[in-house]
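Letter by letter, the chains look like this.
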Amino acid sequence: MPELYVSWSEYHQKIEILAAQIYQSAWDFNQIVCLAKGGLRVGDLLCRIYDKPLAILSASSYGGADNRIRGQIEFSQHLSMTEKILGNRILLVDDLVDSGISLREAILWLQDLYGNEIEAIRTATIWHKSCSEIAPDYSVDYLPDNPWIHQPFEPYERVTPKELASRYRRLAEASG
């Protein structure tokens, strides 16, 4: 399987490109829902850029060695949001669409719980792999060879608080 390595600057630039693409579509949404964990950073930046409320739908489907084994998707019971009601024109965001199952199931979850209030849902991701069963409405990079994407935050999945404390204690001792 090919692999794609993404730096923090590339990651943020792709979110900016996604924001510009959504803007150019002239779609008037009033709510952002992000799929956590992968879509948290995307949702956070888009809600800041657009000044729209953010709701978080926690989802989990990967585990195992290096978080590369896809399992059954599980969603939280509720959205986390500060608004009293969910907007009716939702931009559902995630970092990538791989198989498409998470995005498809999130749409069904939203329609099941909030269907009477929702007028429209559109989807946005940074990456769209060709193996996905659905295509997002907005995406920055189409990946025909379906690479494993190494995102800049992955090192935090392999470090413990104890290791960080030890590292920074040594640095403090070395600096005086």
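Thresholds applied
Residue positions within a chain follow its written sequence, with the count starting from 1. Side-chain atom pairs in this predicted model are given and counted only at pLDDT of 80 or more, local residue features only at pLDDT of at least 70, and totals for whole chains, interfaces and linings cover all residues. For the side-chain quantities, the full set of heavy atoms in the structure was used; hydrogens and water were omitted. Stacked, tilted and edge-to-face are the three classes applied to pairs of Phe, Tyr and Trp rings, where Trp contributes its six-membered ring and a pair requires centres within 6.5 Å; stacked means planes under 30 degrees apart, edge-to-face means over 60, and tilted covers the rest. Numbering of helices and strands starts at the N terminus; helices are DSSP runs of H or I of at least 4 residues and strands are runs of E of at least 2. Accessible area is worked out with a 1.4 Å probe on protein chains only. A residue is then buried under 20% of its type maximum, exposed over 50%, and partly exposed in between. Note on criteria: charge over ring means Lys NZ or Arg CZ within 6 Å of the ring centre, with the direction from the centre no more than 35 degrees off the ring normal. Residues are treated as being in contact if the distance between any of their heavy atoms lies within 4.5 Å. Here a polar contact means two N or O atoms within 3.5 Å. Within protein one must be a hydrogen donor candidate and the other an acceptor candidate, and residues neighboring in sequence count only if both atoms are side-chain atoms. A side-chain nitrogen of Lys or Arg and a carboxyl oxygen of Asp or Glu constitute a salt bridge if their distance falls within 4 Å. Crossover handedness is defined by viewing with both strands directed away from the observer: a clockwise path from the first strand over the helix to the second marks the crossover as right-handed. When DSSP finds two or more bridges between a pair of strands, those strands are recorded as paired. Simply put, an axis is a line fit to the C-alpha atoms, just over the touching stretch for a helix, and the angle between two N-to-C directions goes from 0 to 180 degrees. Here the word oblique covers every angle except those under 35 degrees (roughly parallel), over 145 (roughly antiparallel) and from 65 to 115 (roughly perpendicular). Helix crossings are classified by the rotation of the near helix relative to the far one: an anticlockwise turn of less than a right angle makes the crossing left-handed, while a clockwise turn makes it right-handed. As a working rule, the residues Ala, Val, Leu, Ile, Met, Phe, Trp, Tyr, Cys and Pro are called nonpolar, Asp, Glu, Lys and Arg charged, and the rest polar, with Gly in that last group.

Caption draft 1: Broad picture of the packing of aromatic side chains. Across all of its chains, the model carries 8 aromatic pairs by this definition. Look at Phe29 and Tyr50: their rings are 5.0 Å apart centre to centre, the planes differ by 65 degrees, and that puts the pair in the edge-to-face class. Note that Phe29 is positioned in the loop between helix H1 (8–25) and strand E2 (31–36) and Tyr50 in helix H2 (residues 40–50), a separation of 21 residues in sequence. For the pair Phe29 and Tyr50, a shared accessibility class is recorded, and that class is buried. Chaining the aromatic ring pairs together yields one cluster made of Trp8, Tyr11, Trp127 and Phe153. Note that Arg41 overlies the ring of Phe153, its terminal NZ or CZ placed 4.0 Å from the centroid. The cationic tip of Lys52 hangs over the ring face of Phe29; the distance from NZ or CZ to the ring centre is 5.9 Å.

Caption draft 2: Quick look at the environment of Arg89. The residue Arg89 is located in strand E6 (residues 89–97) in this model. Considered as a pair, Arg89 and Asn30 are 59 residues apart in the sequence and their alpha carbons are 5.5 Å apart. If we skip the residues at most four places from it in the chain, Arg89 touches Trp27, Asp28, Phe29, Asn30, Gln31, Glu119 and Ala120. Within the local environment of Arg89, its side chain forms a polar contact with the backbone oxygen of Asp28, the two atoms lying 2.5 Å apart.

Caption draft 3: Quick peek at the pattern of salt bridges. If you walk through the whole model with that rule in mind, you get 6 salt bridges. Between Lys129 and Asp98 there is a salt bridge, and its shortest N-O distance comes to 3.7 Å. Here Asp98 lies in the loop between E6 and helix H3 (101–114) and Lys129 lies in strand E7 (residues 120–129), a separation of 31 residues in the sequence. Judged by its relative accessible area of 3%, Lys129 falls in the buried class. The closest approach of N and O atoms between Arg104 and Glu105, which form a salt bridge, is 2.8 Å. Of the residues examined, Arg104 reaches a relative accessible area of 30% and is grouped as partly exposed. Linked by salt bridges that have partners in common, Arg104, Glu105 and Glu133 make up one network.

Caption draft 4: Local environment of the pairing of E7. Of all 10 residues in E7, 8 are buried; the element is thus mostly enclosed. For the segment spanning E6, H3 and E7, crossover handedness is right-handed. Where E7 lies against strand E8 (residues 138–143), 5 bridges are found, and the strand directions are parallel. Bridge pairing in E8 places Ala124 opposite Tyr138.

Caption draft 5: Up close: the packing of H1 against H2. One way to put it is that H1 packs onto H2 with a least axis distance of 10 Å and a crossing angle of 50 degrees. By the angle between their directions, the pair H1 and H2 is classed as oblique. The two elements H1 and H2 meet at a crossing, and its hand is right-handed. Contacts between H1 and H2 involve Trp8, Tyr11, His12, Ile15, Leu18, Ala19, Ile22 and Tyr23 on the former and, on the latter, Arg41, Val42, Leu45, Leu46, Ile49 and Tyr50. Residue composition of the contact of H1 with H2, by class: 12 nonpolar, 1 polar and 1 charged.

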